Amino acid sequence: MNISKVKGIFLFSLLLLSAKICKSQVSYFGSALLNSQKLEVFKKTTTLFTFQYGDYAELEKFEQAIKETWTITPYKIIKPDELAKYDTLANYSFFYFDACAEKLDNKTDINVVYALKLATPSKKPKVKEESVLATVDLFTDPNTKLFVTLLDQEIGSKKNKKANLLSLLYNRSHLLNWSPGFLTGYLKQINDGLISSENHGIDYQFYNKIRLPELARETLYVPEYVKEVFSSKLALLPKSGIVLEPYSYKLRFAPYKVLDSLILNKETPIKYVIYTQRSDDKIISVYDSRDNMIIYQRFYPQTPNFEMNDLSEIKKVIVSLK
C-alpha cells in the first residue's frame, strides 16, 4: 500500500478500542448510545463499508450479504483509500478494521475487530468525537496476531503505528472467520440490535430452544479452517482431560466457497458453526442461514483451541431439549 492510501485510512482508526467492547464475538451498544442521542444521529447517516483489498474480487457476494441484512441506514461500499474523501463530511458512519486491547492483571491481549464507528463534532474546534457502535471479533492468522501485539509494544508515533496496523489489516492479514456468507450473520445481529436500541456484550452460553434441536435431523456445517488449523490437535485429549460423548448427528466440513454459496442461497438454508479465537479464549457459535439468526453460542475463557468436545457440548444441549 502506498503512503497516500495509508494516510487516507488512519484518519479514521482507533488503534486500541476500549476493552469492554471486545468481550463478545458480535457486540453492539444501542442502549448505551441512546441517552446521548448518538444512535438517532447514526440512523440518519449513510454507512460506508470497507473490506480488505482482496475482498473486492468478490464484491458482488459482499454486497449481497449487506443487502440481505442491513436496513437501519443507507449504505455505500468504498475502497479503504477513499475514506479520506469523507473525513470532513457529516452524515456518514464507517465499517473498518481495527484492534482493541484487553488487559487482565498484568497481561494485555490484542484482538482484531471489524468495527462500526460514528464521528460527530465535538466541543473542541476541528475535532470530531468518535463513538463505536458495534464490533465483530475476528480470528486472525498467527503472524497478524504477533505483528499487532508487537506493534502495540513499540515506541514510536501513534500516527505511524496506526498506518502500519491498517496496512497490515487491509492488505496482508488472513481472517479465518471472515467471508461474505459469515458477514450476513454478523450484520444481522448488529442491524437488529441497533434498531431495537439494545446492548449485547458477553454471553457465556445461550441457545434457541426451537431451532437448535432441529440439528438432530439436519446437517451441521463446519468451516474447513477449523480442521485445517487444528487438525493435529483434534485427536488430543481436551484441556479438561474429559472426553464427552461424540457428536453423532450429521456433520460436514466445507470450504469457504461452498459455505458462502449455501448461506447466500435462501433456497438451501443451513446451520453452520463459526469458531472464533480471541486472546486466550474462544467462542463457538451456530447460525441459521434461513434468516441469518444466531441459534447457539458458548464462550470458553482461557481455552483458545478448538476441541471435538465443543461439538459434543452442542449435542448435549440438543439432547436436553428434545
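Calculation notes
- Residues numbered from 1 in each chain as written.
- Predicted model: local features only at pLDDT ≥ 70, side-chain atom pairs only at ≥ 80, totals over all residues.
- Heavy atoms only, no water.
- Helix = DSSP H or I, 4+ residues; strand = E, 2+ residues; numbered from the N terminus.
- Buried < 20%, exposed > 50% of the residue type's maximum accessible area, 1.4 Å probe, protein only.
- Contact = heavy atoms within 4.5 Å.
- Areas by Shrake-Rupley, 256 points an atom, 1.4 Å probe, with all protein chains shown as cover.
- Pairing = 2+ DSSP bridges.
- Expected span 1.5 Å × (residues − 1).
- Phe/Tyr/Trp six-rings, centres within 6.5 Å; stacked < 30°, edge-to-face > 60°.
- Lys NZ or Arg CZ within 6 Å of the ring centre and 35° of its normal.
- pLDDT = per-residue confidence, 0-100.
- Salt bridge = Lys/Arg side-chain N within 4 Å of Asp/Glu carboxyl O.

Caption draft 1: Region of the structure containing the overall build of the protein. From N to C terminus, the protein includes 10 helices and 13 strands. In the protein, which comprises 322 residues, the share counted as buried stands at 52%. A fraction of 75% describes how many contacts in the protein between residues 6 or more apart in sequence connect residues 24 or more apart. Accessible surface for the protein amounts to roughly 15000 Å². Of this, 53% is attributable to carbon and sulfur atoms.

Caption draft 2: Spatial organisation of the pairing of strand S1 (residues 26-29). The alternating pattern of S1 places Val-26 and Tyr-28 on one face and Ser-27 and Phe-29 on the opposite face, and all of these are buried. Alignment of S1 against strand S6 (residues 128-138), held across three bridges, turns out to be antiparallel. Residue Tyr-28 lies in a different strand from S6, and its bridge partner there is Ala-134. Sheet topology note: the S1/strand S7 (residues 199-200) ladder contains two bridges and is antiparallel.

Caption draft 3: Looking closely at helix H6 (residues 158-171). Relative to the 20 Å expected for 14 residues at 1.5 Å per residue, H6 spans 20 Å between its end C-alpha atoms, a close match to the ideal helical length. All of the buried residues in H6 are Lys-161, Lys-162, Ala-163, Leu-165, Leu-166, Ser-167, Leu-168, Leu-169 and Tyr-170.

Caption draft 4: The arrangement of the packing of aromatic side chains in detail. Tallying each qualifying case throughout the model produces 26 aromatic pairs. Residues Phe-95 and Tyr-114 carry aromatic rings whose centres are separated by 5.1 Å and whose planes lie at 20 degrees to one another, so their mutual orientation is stacked. Of this pair, Phe-95 sits in strand S4 (residues 92-104) while Tyr-114 sits in strand S5 (residues 107-121), and the two are 19 residues apart along the sequence. A single burial state applies to Phe-95 and to Tyr-114, both of which are buried. Between Tyr-247 and Tyr-249 the ring centres are 5.5 Å apart and the planes differ by 90 degrees, which places this aromatic pair in the edge-to-face class. Both residues of the pair, Tyr-247 and Tyr-249, count as buried. The ring of Tyr-56 carries Lys-79 above its face, with NZ or CZ at 5.4 Å from the centroid. A cation sits over an aromatic face here: Lys-315 above Tyr-249, 5.8 Å from the ring centre.

Caption draft 5: Region of interest: the environment of Leu-212. Relative to the helices and strands, Leu-212 is located in the loop between strand S8 (205-207) and strand S9 (220-223). With 105 residues separating them in the primary sequence, Leu-212 and Val-317 have C-alpha atoms 8.3 Å apart. When sequence neighbours within four positions are dropped, the list of residues in contact with Leu-212 reads Tyr-207, Ile-295, Tyr-296, Ile-314, Val-317 and Ile-318.

Caption draft 6: Representation of helix H10 (residues 308-321). Look at H10: 21 Å from first C-alpha to last across 14 residues, which is about the 20 Å you get at 1.5 Å a residue. All of the buried residues in H10 are Asn-309, Asp-310, Leu-311, Ser-312, Glu-313, Ile-314, Lys-315, Val-317 and Ile-318.

Caption draft 7: Representation of the confidence of the model for the protein within the structure. In the predicted model, the protein carries a mean pLDDT of 85, and 86% of its residues have values of at least 70. Least confident of the elements in the protein is helix H1 (residues 3-10), whose mean pLDDT is 37; most confident is strand S3 (residues 75-77), at 98. In the predicted structure, residues 1-21 sits below a pLDDT of 50 and forms 69 contacts with residues beyond four places in sequence or in another chain.

Caption draft 8: Representation of unusual backbone geometry. Here Asn-91, not a glycine, exhibits a phi torsion of approximately 70 degrees, which is positive. Among the secondary structure elements, Asn-91 is positioned in the loop between S3 and S4.

Caption draft 9: Spotlight on the pattern of salt bridges. Within the structure shown, the criterion is met by 19 salt bridges. Note that Asp-137 and Arg-278 form a salt bridge whose closest N and O atoms lie 3.1 Å from each other. Note that Asp-137 is positioned in strand S6 and Arg-278 in strand S11 (residues 271-278), a separation of 141 residues in sequence. A salt bridge links Lys-188 to Asp-192; its shortest N-O distance comes to 3.0 Å. Of the two residues, Lys-188 and Asp-192 are both situated in helix H7 (residues 180-195); the distance of four residues between them amounts to about one turn of the helix.

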